[in-house]
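Architecture at a glance
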Amino acid sequence: MLERLEARTQQVLRAVIRDYILRAQPVGSGKITKKYRLDMSPATVRSIMACLEDLGFLEQPHPSSGRIPTDSGFRYYVDALMEPKPLHRDEKAFILNRVQDAPYDVGVIMQETSRALSYISHCTSLVASPRISQTVFERIDLIRLDRSRILMVLVSPTGVVYNRIIGDVRGLSQKDLEHATEYLNRHIKGLPLEEAKEKIVEQMEAEKDQYDRILSRVWNSSRRVLETEQADVYIDGQSNILDYPEFSEDLQKMKSLLRAFEEKEIMLQLLDMALEGLGIQVYIGGENQVEEMADCSLIATTYHQRGVPLGTLGLIGPKRMDYSRMIPLVDFTAKAVGAKLEAVSYTHLTLPTIRRGWWCGG
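Residues numbered from 1 in each chain as written. Predicted model: local features only at pLDDT ≥ 70, side-chain atom pairs only at ≥ 80, totals over all residues. Heavy atoms only, no water.

1. As for the sheet that holds strand β10 (residues 281–284)
Across the sheet, which stays open at both edges, the five strands sit in the order β9-β3-β12-β11-β10 with antiparallel pairing between neighbours. Each edge of the open sheet is held by one strand with a lone partner, namely β9 (233–236) and β10. Between one strand axis and the next, the sheet turns by 15 degrees as a mean value, whatever way the strands run. As judged from the four bridges shared by strand β3 (residues 124–128) and β9, these two strands associate in the antiparallel manner. Looking at the pairing, V127 lines up with Y234 of β9. (Pairing = 2+ DSSP bridges. Helix = DSSP H or I, 4+ residues; strand = E, 2+ residues; numbered from the N terminus. Axes fitted to C-alpha atoms, helices over the stretch in contact; angles between N-to-C directions.)

This is the structure we're talking about:
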């Protein structure tokens, strides 16, 4: 498809999309000829726009109106015509300050990232926390918090720490928990959670010794927490969508979209699409595969720690969002999150800070 458009046709399509991004109004041939200094007559531009309509890149909402880009038109623009704009240094500084100054708590990092991203973009931001079920674990610690609660600390090789409180576990001393910890660490190192759970159950069934009593109590309590584990989604800037006339002037469309923002599963479904590709992923209109998102675009990518993909983040906005600015913004933010997570390690957590609640997802 990229080879079908000659240089002049690309020039006209670029001008139409740029103007539509700015004004959200159908674009006429005479206006863009003068505004974008196209080296051709309005009649030639009008003829090219008609050709672009035949190709499915433009459409005419009303017989007497100008033309607007279709999903295919936006796709061609993003893939072949868009020129990324470098972020302003103040924007970079704002993102870095919000992310780097966040406490050593993965949940807080995700929340601050989402807030910063929505503020700079004036779109709706989504940040998914690392998925614990896909994480390979280096070690586990069990810490007695009080008479009935235990803190389970799961540490990945990349240094990301997951903490979950296990309730209603009585009668086990810290020494008992240390014995259980030693046993568990011999069997879970290098395994993702799903495999680690199966391995531990197999070992518990095979070995009927003192560890079985301790492990069965701890594991049966913790398994209920871990088996229902999902990535958290931090969403911010939902109301930003109201500032775009294509939504604010259509009450039903706006309500449907806001309801979708409230559905965690839908948001995770959108972000999970980015895990299937490399680099920045852009999903335009119907490519989102979510009915409520038919008039939106999603820009998403993964964030990494030491080369390991941990989760995804992105922006939702109208199809006419400024891709040339938003794509570099999403990319820069993902790298900032990865750099922050490089500094997050178990050494930053001490028992007093854990007791006060500074843990991921606690």
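2. Considering the layout of surface pockets
Volume-wise, the largest pocket comes out at about 400 Å³. Surrounding the largest pocket, 19 residues form its lining, Y20, I68, E246, K253 and D295 being those nearest its centre. Residue assignment for the lining of the largest pocket shows that the elements contributing at least two residues are β2 (68–69), α4 (71–81) and α10 (245–248). Along the lines of polarity and charge, the residues of the lining of the largest pocket split into nine nonpolar, two polar and eight charged. (1 Å grid on protein atoms, 1.4 Å probe; cavity = no way out; pocket = protein on both sides within 12 Å on 5 of 7 lines; lining within 4 Å. Points joined across faces, edges and corners; volume = space filled by probe spheres on them. Nonpolar A, V, L, I, M, F, W, Y, C, P; charged D, E, K, R; others polar.)

3. Focus on the pattern of salt bridges
Enumeration over the complete set of coordinates arrives at 17 salt bridges. One salt bridge connects E91 with R325, and the closest N-O pair in it is separated by 2.8 Å. Residue E91 is found in helix α5 (residues 89–100), and its partner R325 is found in helix α13 (residues 323–342); the two are separated by 234 residues along the sequence. For E91, a relative accessible area of 17% puts it in the buried group. Look at R325 and you get partly exposed, because its relative accessible area is 24%. Notably, a salt bridge pairs D295 with K253, separated by 3.6 Å at the nearest N-O pair. Within this pair, whereas D295 is found in the loop between β10 and β11 (296–305), its partner K253 is found in helix α11 (residues 251–261), the two being separated by 42 residues in sequence. Put simply, D19, R23 and K35 are held in one network by salt bridges that share partners. (Salt bridge = Lys/Arg side-chain N within 4 Å of Asp/Glu carboxyl O. Buried < 20%, exposed > 50% of the residue type's maximum accessible area, 1.4 Å probe, protein only.)

4. A look at the packing of aromatic side chains
Inspection of the entire model under this criterion finds four aromatic pairs. Here the aromatic rings of Y20 and F74 are separated by 6.4 Å at their centres, their planes lie at 50 degrees, and the arrangement is tilted. Of this pair, Y20 sits in helix α1 (residues 7–23) while F74 sits in helix α4, placing them 54 residues apart in sequence. Judged by its relative accessible area of 14%, Y20 is buried. Using a relative accessible area of 1% as the deciding quantity, one classes F74 as buried. One aromatic cluster in this structure is built from Y20, F74 and Y323. (Phe/Tyr/Trp six-rings, centres within 6.5 Å; stacked < 30°, edge-to-face > 60°.)

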